[in-house]
Amino acid sequence: VNTTNAIGTYIEWSMNLSSAGNAACVFTYASASSARPMEVRVNGSVVISSLDFPATAAWDTWNSVTATVNLNAGINLIRLTSLTDEGAPNMDKLDITIDGSGDPLLGDVNGDDKINIVDALLTARYYVGLDPLDFIVENADVNCDGSISILDALLIARHYVNLVGDFSCSNT
C-alpha cells in the first residue's frame, strides 16, 4: 500500500478475533527515502504516539517493525497514521500473533503461530496426498466437518486476505 505524501494519511486493518490478549503486530514495509514515524491506534485510541519505521535500502527492500498492543475479542481496527509530510512507508502486510491463548490455532498447520498463505498451501498439499513436513493435522480442519479437504485450504487462504474471521469448532 502506498499512501499520499502528507501528514494524517493512514492505513487501517480490520480483524475479527475469537479471544482478547496482547498481540505482536509485525508490520512489513519499505521506505527508501527516510524514516517515517507513524501513530498507532487500536479501536480509535492512540496506543503508540510514534512508532519508528526506519529507512530501508530501496523501495523494494522490505523490513519489519513490531509493536505490541492489546486487542479485544471481536472486531478490532488497527490504524497507522503518518506523522510527517512524507506520508507512510510503503506497507506490504501486517502479521498478528496473540500471546497467551494456549489453545491450538485452527488454520496454523505449520506451528508458527500465524495463519498465512503458507498454511493454505500446506493444507492443499496434504489434501492431494503430498505429506508436508511438520504438518499439524488437527489444526487443518477449519470448517469442523471431521475431514481435511480443499475447502479447508480455501478457507485458510480467505482468512489470510481478511475475507473470513478466526476459526472455532464447538463440541456442543
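Residues numbered from 1 in each chain as written. Predicted model: local features only at pLDDT ≥ 70, side-chain atom pairs only at ≥ 80, totals over all residues. Heavy atoms only, no water.

Asker: Teacher, can you tell me more about the pattern of salt bridges here?
Answerer: Close approach of charged atoms allows side chains with opposite charge to pair. In this structure the tally under the stated criterion is 4 salt bridges. Residues Glu-12 and Arg-79 are paired through a salt bridge, measuring 3.1 Å at the closest nitrogen-oxygen approach. Of this pair, Glu-12 sits in strand β1 (residues 10-17) while Arg-79 sits in strand β6 (residues 74-82), and the two are 67 residues apart along the sequence. (Salt bridge = Lys/Arg side-chain N within 4 Å of Asp/Glu carboxyl O. Helix = DSSP H or I, 4+ residues; strand = E, 2+ residues; numbered from the N terminus.)

Asker: How should the pairing of strand β2 (residues 21-30) be read in this particular structure?
Answerer: Every regular strand shows the same layout, with side chains that alternate between the two sheet faces. With 7 of its 10 residues buried, β2 lies for the most part within the structure. Here β2 pairs with strand β5 (residues 63-71) via 9 bridges, running antiparallel. Directly across from Cys-25, in β5, lies its bridge partner Ala-67. By the bridge criterion, 8 bridges tie β2 to strand β7 (residues 90-98) in an arrangement that is antiparallel. Paired with Tyr-29 across the two strands is Met-91, which belongs to β7. (Buried < 20%, exposed > 50% of the residue type's maximum accessible area, 1.4 Å probe, protein only. Pairing = 2+ DSSP bridges.)

Asker: Looking at this model, I keep getting lost on the confidence of the model for the chain. Mind explaining?
Answerer: Close inspection of predicted coordinates is inappropriate for parts of the model with low pLDDT. When the pLDDT values of the chain are averaged, the result is 85; 95% of them are 70 or greater. For the chain, per-element mean pLDDT is lowest for β7, which scores 85, and highest for strand β3 (residues 38-42), which scores 95. (pLDDT = per-residue confidence, 0-100.)

Asker: Help me out: how do you make sense of the sheet that holds β6 in this one?
Answerer: Neighbouring strands of a sheet are bound in pairs by backbone hydrogen bonds; such pairs are parallel or else antiparallel. Read from one edge to the other, the open sheet built from 4 strands follows the order β1-β6-β3-β4, with strand pairing classed as antiparallel. The sheet terminates laterally at β1 and β4 (45-51), the two strands that pair on one side only. The sheet shows a mean angle of 15 degrees between the axes of neighbouring strands, taken without regard to direction. In this structure, β3 lies alongside β4, joined through 4 bridges in antiparallel fashion. (Axes fitted to C-alpha atoms, helices over the stretch in contact; angles between N-to-C directions.)

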